[in-house]
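# Breakdown of the fold
Take a look at the letters that make up each chain.
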Amino acid sequence: MCGIIGYAGEQRALPILRTGLENLEYRGYDSVGVALGGDDGLRLFKQAGRIADLALPADDDATVGVGHTRWSTHGKPTDANAHPHTDCTGDVAVVHNGIIENYDSLREELGDHAFTSETDTEVVPHLVETFRDAGHDLPEAVARTLDRLEGTFALGVVAADFDGIVAARRDNPLVVGHGETGNFIASDVTAFLEHTREVTYVEDGDVAVLSEGGVEITNDGRAVDRPRERVEWEAEAAEKSGYDHYMLKEIHEQPTALRQTLSGRIDELNGEAEIEIDLPKEYLNSLDEVTFIACGTSYHAGLYAAQLVESLADVRASAEVASEYEFDGGRDPWRTLVVPVTQSGETADTLSALRRAKRAGARSLAVTNTLGSTVTREADDTVFIRAGPEIGVAATKTFVSQVATLALLTVSVARARGTMSTTEAIEFLSNVRQLPGAVQRVLDAEAAVRDAAETYADGGAFFFIGRKLGYPVALEGALKLKEIAYVHAEGFAAGELKHGPLALVTSDSPVLAVLSQGANAHATLNNVKEVESRGAPVLGCTSVADAEKFLDRSFEVPELGALSPLVANVCFQLFAYHVAKLKGRSIDKPRNLAKSVTVE
Ligand code: F6R
C-alpha cells in the first residue's frame, strides 16, 4: 500500500519526512519521493528503489513538505512514475494513494499539459494548475479538483507560493497529527508517532489545510470540527493498525483490496468487464484451451478460475501445479492461453512453467500483484490484481483479489466469444460488485468463527470439503490451517470422502464444509451426514436455507452465485487464524516458509 507523510511547521521538514518515510517502509513500496516547499520554489527528489538510496540534500531550510512511498498500480516502478507529481510549472506537487478511475478522460481533457509519467495521479496537479490559473488559491483549487475526480484517494498537495499542505481523502485512509511545533498528515499514525500522539482522523470528503498555526478542515465548503484523539498504541502495533498480526489486518483489508481490484473495471450497464489487456476478439474466438499455472494459494485461485472459464466462456480450461506443468504444444500452441497466476510475480516454479509454455509456442497472460516483477517482463500480457502489498506469509487478500480479477477476465473472454449474454453478464458482474460488502459481512461475524476455533482447536485433524467452486476453497482452507497452525488438515472434493478419506473421520476430526451457492450445497449435505454419523463435528459456511440444522456450527455466507464460495473462504481464513493464535504459532512468519519462493 502506498504511504504518505507530510509536515508543515516551524522545524526543518526534511529530517521529519525522511524518518516518516522509513516508518512507512513496512507497508511495502517500490519507489519513493519528497517535495519540499519554501521561498526558493519546490524542490523535488524521487526515484524507483529504496529510501536509503534516495539522493536527498544533506540539509534544506524548507519547513513544509510531503513524502511518498509508492506501490505501483498504474505504470511501472520507474523514477518518472514515483511521487510526488507536479504540474507543468513545477509549482504544485502532489502525493496520492488510491486510484483515479477517470484519469484517461481527464488526461485527454488536459491535452495541452505536459505529462511526464504513466500514472493516474499526474492528472491531479495539472487540474490544480488549471484552477490556480483561473485565480483560485491552493485550497480552493484542490477542492475544485476533487469534484472532478472519480475513484479513491488520499492526497497531499504543496505549492511553491503556499506555506502549508492541502490534504483530502475519499475511501483511503488519512490522518492528521497535531504536534507542538507543527502539524502532520500521513496514511497511518506510525509515520509521525515519535512527534505526536494527538490525531484527527480525516473523513470522506474532508479537505484539511495544514499550516504552522493549525489545521482547518472543511467538508463541502463548510468548516467541520473533527474530534482529536490520543493514540495509545506503540509503533509496532500501529503498523498493524492495532491488529495482533499482519495476517489478521490483511484478512480485514479484503473489502478495501477488492474495491481496488474492481475499481473502474466493471461496466454493469453494458455487462462488460474492462480489464486492461489487449486480447483480440479473433484470438479469443480461436482459443482451444486456457491453462492456469500457479503454486499454493495462487493455484487454488487458478482452480476456481478454470471452472468459471469452462462454464461461462465455453472453452476447455484447467489449472496445473506449476512445478508439474509440461506443455507439448499441441496442434497450434498459440491457441492455448497460458495464465501464470502469482502474487509475487517471482515464484521460480511458476516462472519456469511459463518459460516451458513459451518455448512450446503458447500465448501467455500473467495475473499478478507486483508491477515490474519478473512475470510481467516475461509474459506476453499482464493484468494486475491491485490488492496492495501483503506482508503476512500466508496469502489472504491476494487470493480474493486474484479470483475477483480472474472472474473479470472470464467475463471479458466469455463476452468476446459470445457465450455470455448481456443479461447474464450484468447479473454476474452485479455479484462481483457486491463482493466487498459480502466479505465485510463475514468479517463482521468474526466472533462466531473465533468461538468455533476455541471449541475445536484441539482437533487431531481437520478436513475441509466442498464441491464445484467449493472444492478449491476447501483446498485453500486446509492449506491456510496447516501452514499457520501446523496441524494436519486436508481438503477434499466432498464426493471423494467415501472413496477413502472417510476412514480417517472420527469425533476428533472436525469437518469444515462449503455449503454455499456455487458449491452444490445440497449434494454436500449428504456428505455432511456421512461424517456426522462417524461422530465428526461439522462446521459449515452456508448460504442455503435449513443447512444449519445439520451443522454443529454454521456461518452465514451472503448469496452471490458463483462467488459465494470465495466469500466462504473468508470464514476459513479466520478459523485458521484463530486456531493458530490459540496455539501460539508464529502467524506472520510460519516456520519453514517464505513469502516469495524463488527456488525450484
Ligand atoms: C500460501 C502461500 C503460498 C503461495 C505460493 C505462490 O498462503 O502464500 O502457497 O501462494 O508460494 O506464491 P505466488 O502467488 O507469489 O506465486
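Residues numbered from 1 in each chain as written. Predicted model: local features only at pLDDT ≥ 70, side-chain atom pairs only at ≥ 80, totals over all residues. Heavy atoms only, no water.

### Some words on the overall build of the protein
Selection rule: In this description a helix means any DSSP run of H or I spanning at least four residues, a strand means any run of E spanning at least two, and both kinds are numbered starting from the N terminus. Computation of the radius of gyration draws on C-alpha atoms alone. For the globule rule, the value is 2.2 Å times the number of residues to the power 0.38. Pairs of residues are marked as contacts when any of their non-hydrogen atoms sit within 4.5 Å.
Counting its regular elements, the protein contains 18 helices and 27 strands. Its C-alpha atoms give the protein a radius of gyration of 25 Å, within 12% of the compact-globule value 25 Å for 600 residues. On the principal axes, the C-alpha backbone points of the protein span a range of 80 × 55 × 45 Å. Put simply, of all contacts in the protein between residues at least 6 apart along the chain, 70% involve residues at least 24 apart.

### Examining the side chain of His 178
Spelled out, the test is: For the purposes of these results, a polar contact is taken to be a pair of N or O atoms within 3.5 Å, where, inside protein, one atom must be able to donate a hydrogen and its partner to accept one; residues adjacent in sequence count only when each atom of the pair is a side-chain atom.
As for its placement among the helices and strands, His 178 is situated in strand E9 (residues 175–178). Here the side chain of His 178 touches Thr 200 through a polar contact of 2.6 Å, side chain to side chain.

### What to know about the site of the ligand
Note the threshold: When at least one non-hydrogen atom of a residue lies within 4 Å of a molecule or strand, that residue is treated as near it. Residues are grouped as follows: nonpolar covers Ala, Val, Leu, Ile, Met, Phe, Trp, Tyr, Cys and Pro; charged covers Asp, Glu, Lys and Arg; every other residue, Gly included, is treated as polar.
Near the ligand lie 13 residues; those nearest to it are Ser 298, Thr 342, Ser 344, Thr 347 and Glu 483. The side chain of Ser 344 places a nitrogen or oxygen atom 2.6 Å from an oxygen atom of the ligand. Between Val 393 and the ligand, the recorded distance is 3.3 Å, taken from a backbone N or O atom to an oxygen atom. Contributing elements (two or more residues each) for the shell around the ligand: helix H9 (296–313) and helix H16 (470–485). The greatest single-element share of the shell around the ligand, amounting to 3 residues, is contributed by H9. Among the residues making up the shell around the ligand, the classes are represented as 4 nonpolar, 7 polar and 2 charged.

### Re the side chain of Thr 382
As a reminder, the rule being used: Only protein chains enter the accessibility calculation, which uses a 1.4 Å probe; a residue is then buried when its area is under 20% of its type maximum, exposed when over 50%, and partly exposed in between.
Assignment of secondary structure puts Thr 382 in strand E22 (residues 381–384). Take Thr 382: its relative accessible area is 16%, and that puts it in the buried class. Apart from the residues lying within four places of it in its own chain, the contact partners of Thr 382 are Glu 276, Ile 277, Leu 365, Ala 366, Thr 368 and Thr 376.

### Section: the sheet that holds strand E1 (residues 3–9)
As a reminder of what qualifies: The pairing criterion is simple: DSSP has to find at least two bridges between the two strands. Axis lines are fitted to C-alpha atoms, over the contacting stretch for helices. Their N-to-C directions set the angle, which ranges from 0 to 180 degrees.
Spatially, E3-E2-E4-E1-E10-E9-E11-E15 is the arrangement adopted by the 8 strands of the open sheet, whose pairing is antiparallel. Looking at which strands have only one partner, the edges of the open sheet turn out to be strand E3 (43–48) and strand E15 (229–230). Examined bridge by bridge, strand E2 (residues 31–36) and strand E4 (residues 64–70) share 6 bridges and lie antiparallel to one another. Note that in E4 the partner of Ala 35 across the bridge is Val 66. Seen against the sheet, helix H1 (residues 13–24) touches E1, E2, E4 and strand E10 (182–186) and runs at an angle of roughly 155° to E1.

### Some points on the nonpolar core
Our working rule: Put simply, buried Ala, Val, Leu, Ile, Met, Phe, Trp, Tyr and Cys residues joined by side-chain atoms within 4.5 Å make one nonpolar core. Either an automatic procedure or a domain database provided the assignment from which the domain bounds are taken.
Formed by 98 residues in total, the largest nonpolar core has its most connected members in Val 290, Phe 292, Leu 406, Leu 435, Phe 464, Leu 481 and Phe 575. Counting only domains with at least three residues in this core, you end up with domain 2 (240–433) and domain 3 (439–600). When sequence neighbours within four positions are dropped, the list of residues in contact with Phe 292 reads Gly 302, Ala 305, Ala 306, Val 309, Ser 318, Ala 319, Glu 320, Val 339, Val 341 and Leu 406. In terms of nonpolar packing, the next biggest core, distinct from the first, is built from 27 residues, Leu 17, Val 32, Phe 45 and Ala 62 among them.

### Remarks on the packing of aromatic side chains
We count it as follows: Between 30 and 60 degrees the pair is tilted, below 30 it is stacked and above 60 it is edge-to-face, where a pair is any two Phe, Tyr or Trp rings, Trp via its six-membered ring, whose centres lie within 6.5 Å. Only when the NZ of Lys or the CZ of Arg is both within 6 Å of the ring centre and within 35 degrees of the ring normal is a charge said to sit over the ring.
Here the structure, examined in full by the defined rule, presents 7 aromatic pairs. With a centroid separation of 5.9 Å and 65° between ring planes, the pair formed by Phe 462 and Phe 575 is classed as edge-to-face. Of this pair, Phe 462 sits in strand E23 (residues 462–466) while Phe 575 is found in helix H18 (residues 564–582), placing the two residues 113 residues apart along the sequence. The pair formed by Phe 462 and Phe 575 is uniform in burial state, with each residue classed as buried. Geometrically, the ring pair formed by Phe 464 and Phe 572 is edge-to-face, given 5.0 Å between the ring centres and 85° between the ring planes. You can see Phe 464 sitting in strand E23 and its partner Phe 572 sitting in helix H18, a full 108 residues away along the chain. Taken individually, Phe 464 and Phe 572 each receive the classification buried, so the pair is uniform in this respect. Linked through ring pairs, Tyr 7, Phe 184 and Phe 192 together constitute an aromatic cluster. Its guanidinium or amino end placed over the ring of Tyr 246, Lys 240 lies 5.5 Å from that ring's centre, counting from NZ or CZ. When the ring centre of Tyr 486 is taken as reference, the NZ or CZ atom of Arg 591 above it lies at 3.9 Å.

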